[in-house]
Amino acid sequence: MKRIIITLVVIITFSVSHAQSPQFAVVRPNGTTYICPTFDSAYNKAVNDDFIYLPGGNFTFSYTFNKRLHIFGAGHHPDSSLVTGKSYSSSQFAIQSGATGSTFEGLQTSNNFYFLYTGIQVTNITIKRCRISAVVFNGSATTLIDSIASNIMITECIVDFLQPGNSKNNYFTKNLFRAGTPGEPGYIRESNFKNNIFIGTYFTPNNCIFENNIFMQPGIINTPCTNSFFNNLLVGAGTFNAGCPPNSITEVNTITVPTTNDVFVSFTPGPGYPYLDNYDLKPACPGNNAGTDGYDVGIYGSSSPTSLGWVPSNPHIYFKQVAAQTNTSGQLNIQFKVRTNN
């Protein structure tokens with residue numbers, strides 16, 4: 001509780017001062033706070049287990065992530081970040097082994113989250129409620145070594161491209177995968193994909209589990225053999241096991257619908273602009289309550305569906321009103337409304 005209160009104060013400070021100069025806050029677990037003018041200065045100040053809170057606005061940085069940090073932005077949805085502005089960067093988030101245990105949440109990058117293998121395994125990274133140009137796993141497509149990237153959780157994100165080099169034992173849940181290139185090199189091995197929406201990302205999984213996902217077209221997965229599929233919804237004719245040798249694939253309760261119009265409340269085919277679409281299932285969609293857990297398939301299924309507006313879980317300002325002038329007592333009326341969304 002103490003950390004939440006401190007976070008709230010820091011974010012309010014950001015919003016009041018944002019018109020002059022965006023500030024970056026480094027918060028230690030004991031509550032000690034440092035205000036920094038740039039992300040680079042905040043990263044330089046931070047030590048393992050610190051929190052860095054980003055203001056709305058554009059920022060760049062020059063560091064490769066090699067510390068265990070918890071980084072929270074103000075969000076990326078145009079509506080939910082209307083008051084604060086979205087936390088946006090064109091820099092690449094290059095992650096090395098020293099960042100093991102880190103968290104990235106509530107930000108947007110037009111560049112990559114790139115997991116760098118330098119001889120030591122990158123593990124236990126959480127990326128949540130972010131918008132990402134691409135997730136890239138460094139490594140060879142043909143050398144199936146284990147020490148690349150593992151125990152990576154990517155959840156409730158919008159991901160334009162999934163570009164696997166080689167990775168293992170990762171968890172992808174409630175994401176929107178939007179685009180891709182057929183024959184994308186590399187493998188994602190022995191990982192779990194649950195309650196995602198695949199619009200056009202092509203990749204090659206190996207010994208993975210797919211559960212309660214929505215596939216907006218056949219053929220998104222190259223060579224689906226050796227994988228397991230449970231209660232997924234597939235748009236268009238066909239199944240996942242077409243062309244697979246006997247007993248090489250597990251496929252249970254695949255749900256099929258004829259067209260994309262049979263799935264979501266509103267959806268524009270193609271990569272499009274994701275904020276204009278409504279990914280709630282239509283009442284007549286057979287994916288309602290059809291998941292392995294009895295909830296819907298897709299990102300709004302499970303017992304904890306995707307946050308509306310991809311709002312980050314730290315206290316978030318959704319209303320701000322500042323009087324144009326002071327009253328007769330010299331007081332300035334300022335109103336903030338803040339909520340949390342875990």
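None of these values were measured; they are calculated from a predicted model. Residue positions are counted from 1 within each chain, in the order its sequence is given. Local features in this predicted model are restricted to residues whose pLDDT is 70 or higher, and side-chain atom pairs enter the listing and the counts only when it is 80 or higher, whereas totals over whole chains, interfaces and linings include all residues. The basis for the side-chain values is all heavy atoms of the structure; hydrogens and waters are excluded.

### Description of the nonpolar core
The definition of a nonpolar core used throughout is a set of buried Ala, Val, Leu, Ile, Met, Phe, Trp, Tyr and Cys residues joined through side-chain atoms within 4.5 Å. Relative accessibility thresholds used throughout: buried, under 20% of the residue-type maximum; exposed, over 50%; partly exposed, between the two (1.4 Å probe, protein chains only). If you look at the biggest cluster of nonpolar residues, it comprises 52 residues, and the most contacted ones within it are Phe39, Phe65, Phe115 and Ile127. Any pair of residues with heavy atoms lying within 4.5 Å of one another is described as a contacting pair. When near neighbours in sequence (up to four residues on either side) are disregarded, Phe65 contacts Phe39, Tyr43, Ile71, Phe93, Ala94, Ile95, Gln96, Ala99 and Phe104. Core analysis: the next-biggest nonpolar cluster, separate from the first, contains 20 residues, Leu176, Tyr275, Cys285 and Ala290 among them.

### So, the packing of aromatic side chains
Any aromatic ring pair is given by two values, namely how distant the centres are and how the planes are angled relative to each other. Aromatic rings from Phe, Tyr and Trp, taking only the six-membered ring of Trp, are treated as a pair when their centres fall within 6.5 Å; an angle between ring planes under 30 degrees marks them as stacked, one over 60 as edge-to-face, and anything in between as tilted. For the structure on display, the rule yields 32 aromatic pairs. Between the aromatic rings of Phe229 and Phe240, the centroid separation amounts to 4.2 Å while the plane-to-plane angle is 5°, which identifies the pairing as stacked. Within this pair, whereas Phe229 is found in strand E23 (residues 228-230), its partner Phe240 is found in the loop between strand E24 (233-235) and strand E25 (250-252), the two being separated by 11 residues in sequence. Each member of the pair Phe229 and Phe240 is classed as buried. Every helix listed is a DSSP run of H or I at least four residues long, and every strand listed is a run of E at least two residues long, numbered separately from the N terminus.

### Concerning the pairing of strand E11 (residues 131-137)
With 7 of 7 residues buried, E11 lies mostly within the body of the structure. Note: strand E9 (residues 108-115) against E11, 6 bridges, orientation parallel. Looking at the pairing, Thr109 lines up with Ile132 of E11. As paired strands, E11 and strand E13 (residues 158-163) are joined by 5 bridges and run parallel to one another. What sits directly across from Ile132, in E13, is Val159. Whether two strands pair comes down to DSSP finding at least two bridges between them.

### Focus on the state of the cysteines
By definition, disulfides here are pairs of cysteine sulfur atoms that lie within 2.5 Å. According to the stated counting rule, one finds 1 disulfide in the structure shown. Between the sulfur atoms of Cys225 and its disulfide mate Cys244 the distance is 2.1 Å. Taking the torsion about the sulfur-sulfur bond, which here is approximately -100°, the covalent link between Cys225 and Cys244 counts as left-handed. Taken together, the positions of Cys225 in the loop between strand E22 (214-215) and E23 and Cys244 in the loop between E24 and E25 put the pair 19 residues apart, joining distant regions of the chain. For Cys130, which is in no disulfide, the shortest distance to another cysteine sulfur is to Cys157 and amounts to 4.9 Å.

### Digging into the confidence of the model for the chain
Regions with low pLDDT carry predicted coordinates that are not meant to be interpreted in detail. What pLDDT expresses is the predictor's confidence in each residue, scored from 0 to 100. Scored by pLDDT, the chain has a mean of 80; 76% of the residues are at 70 or more. Contacts from residues 1-20, a stretch scored under 50 in pLDDT, to residues over four places away or in other chains number 35 contacts. Contacts for the low-pLDDT stretch residues 316-323, under 50 throughout, to residues beyond four places or in other chains number 36 contacts.

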